[in-house]
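Structure at a glance
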Amino acid sequence: MSNINEYLAKVFEVPAEKVNLCSIQYEMKKVAKHEMLLQEGQVCRNTFFVEKGLLRMYSIDKNGKEHVIQFAPENWLIGDRSSLYFNEKSRYYIEAVEDSEVLFLQPDFFSKLLEEFPNTIEKNDLIIQKHVKSLQDRINSLLGETAEERYLKFIKMYPDLLLRVPQWMIASYLGITPESLSRVRKELAKKNFVTDK
């Protein structure tokens, strides 16, 4: 069973014998490292599900500085929801951090899913609410927590990414400089906290 089928069966409780019906609503593509799936100014036409590999979404400010918004390792969804649902030009880039296998979900993938399997409506609502909560928590973290607290949350959210993602990308996600991240890691090491195992 592919990752997307397991995801739909586990998260949305789509019956295992019917989960393959969803495959007509997506296309699998191999994406090379550094390949762009979305660029600023484009309208996002798909939600992306990572079967294998790693994607990231980021913006670039007027000074040319990158700000990583999200990472998407295996079994994660990523996309510009505002652009997708409101047909707006995106302010973001989505790039492959590694060679990846990605499912390009059709714009109406989830509406078709709810239509075909009405029992998934409640699950979908819960996922949306969790997503909103996660965004609120991230904003609060960036505004009010120390760099060390943010780094520890990053490890908890993305436990397998420390050795897969360049340190400057992690620093960008945390809203700090790479030098500050190095200091945080050294301080944690002094506290006998092993970050890379």
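Criteria and thresholds
- Residues numbered from 1 in each chain as written.
- Predicted model: local features only at pLDDT ≥ 70, side-chain atom pairs only at ≥ 80, totals over all residues.
- Heavy atoms only, no water.
- Pairing = 2+ DSSP bridges.
- Helix = DSSP H or I, 4+ residues; strand = E, 2+ residues; numbered from the N terminus.
- Contact = heavy atoms within 4.5 Å.
- UniProt positions renumbered as here; feature names shortened; annotations may be inferred.
- Phe/Tyr/Trp six-rings, centres within 6.5 Å; stacked < 30°, edge-to-face > 60°.
- Buried < 20%, exposed > 50% of the residue type's maximum accessible area, 1.4 Å probe, protein only.
- Polar contact = N/O pair within 3.5 Å; in protein donor to acceptor, adjacent residues only side chain to side chain.
- Axes fitted to C-alpha atoms, helices over the stretch in contact; angles between N-to-C directions.
- Parallel < 35°, antiparallel > 145°, perpendicular 65-115°, else oblique.

Take the sheet that holds strand E1 (residues 26-31) next. Two strands in a sheet stick together by hydrogen bonds in their backbones, pointing the same way (parallel) or opposite ways (antiparallel). A sheet is described by the order of its strands in space; here four strands give the open sequence E1-E8-E3-E6, paired in antiparallel fashion. The sheet is open, and its two borders are formed by E1 and strand E6 (77-78), each paired with just one other strand. The pairing of E1 with strand E8 (residues 100-105) spans six bridges and is classified as antiparallel. Of the residues in E8, the one forming a bridge with Val31 is Ser100.

A few words on the environment of Thr120. Tracing the sequence through the fold places Thr120 in the loop between helix H3 (109-116) and helix H4 (121-144). Apart from the residues within four sequence positions on either side, Thr120 is in contact with Phe12, Val14, Leu113 and Leu114.

This next bit is on the UniProt feature "domain: Cyclic nucleotide-binding" (unreviewed entry) in the chain. Under the feature "domain: Cyclic nucleotide-binding" (unreviewed entry), the UniProt entry names residues 35-114. The span residues 35-114 carries 15% helix and 42% strand; its end-to-end C-alpha distance comes to 32 Å.

One pair of aromatic rings is described through two measures. These are the centre distance and the angle between the planes. In this structure the tally under the stated criterion is 14 aromatic pairs. With 5.3 Å between their ring centres and 55 degrees between their planes, Tyr7 and Phe49 make a pair best called tilted. Within this pair, whereas Tyr7 is found in helix H1 (residues 3-11), its partner Phe49 is found in strand E3 (residues 47-52), the two being separated by 42 residues in sequence. Accessibility assignment for this pair places Tyr7 and Phe49 in one class, buried.

A few words now on the side chain of Glu145. For Glu145, the position within the fold is in the loop between H4 and helix H5 (147-157). In terms of polar contacts, Glu145 uses its side chain to reach the side chain of Ser141, at 2.7 Å. With near-sequence residues (within four places) excluded, Glu145 lies in contact with Asn140, Arg150 and Lys153.

Here helix H6 (residues 167-174) crosses helix H7 (residues 178-190) at 95 degrees, and the two axes come no closer than 8 Å. With respect to each other, H6 and H7 are oriented roughly perpendicular. Counted together, Gln167, Trp168, Ile170, Ala171 and Leu174 of H6 and Pro178, Leu181 and Arg185 of H7 form the full contact between these two elements.

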